[in-house]
Amino acid sequence: MLKHDDIISLIDSMAAALRKRGEIDNSLIVGIHSGGAWIAQHLHQRLDHPQPIGMLDISFYRDDFTRIGLNPQVKSSDLP
């Protein structure tokens, strides 16, 4: 399992790769509640991205409900 510092290092690498491509200003960053939201937030901060960050709730579109049950905690989807 990856440690927190390893994950932050990967996010830093992602930010560096996106900066190198030079297409940051024409893109949007969208995180998926709940696992990807914090990654998107860290990436957004590291890039000092000019556009607002979006968050997407996919609670009703999951395919693992047989394992986790049908009790999703629905969050709002906030898209720029």
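This write-up is about the structure you can find in this document. (Residues numbered from 1 in each chain as written. Predicted model: local features only at pLDDT ≥ 70, side-chain atom pairs only at ≥ 80, totals over all residues. Heavy atoms only, no water.)

## Comments concerning the pattern of salt bridges
Stage number 1. For the structure shown, the criterion picks out 1 salt bridge.
Stage number 2. Two residues, Arg46 and Asp12, come together in a salt bridge whose shortest N-O distance is 2.3 Å. Residue Arg46 is located in helix α2 (residues 37-47), and its partner Asp12 is located in helix α1 (residues 4-21); the two are separated by 34 residues in the primary sequence.
Stage number 3. Asp12 sits in the partly exposed class, given a relative accessible area of 35%. (Salt bridge = Lys/Arg side-chain N within 4 Å of Asp/Glu carboxyl O. Helix = DSSP H or I, 4+ residues; strand = E, 2+ residues; numbered from the N terminus. Buried < 20%, exposed > 50% of the residue type's maximum accessible area, 1.4 Å probe, protein only.)

## A closer look at α1
Stage number 1. For α1, built from 18 residues, the straight-helix expectation of 26 Å at 1.5 Å per residue is met to within 8% by its first-to-last C-alpha distance of 26 Å.
Stage number 2. Buried within α1 we find Ile8, Ile11 and Ala15. Down the axis of α1, the smallest arc covering the buried residues is 60°, so these residues share one side. Exposed and oriented more than 90 degrees from the buried face of α1 are Lys20 and Arg21.
Stage number 3. Contact partners of the buried residues in α1: α2. (Expected span 1.5 Å × (residues − 1). Arc of directions from axis to C-beta. Contact = heavy atoms within 4.5 Å.)

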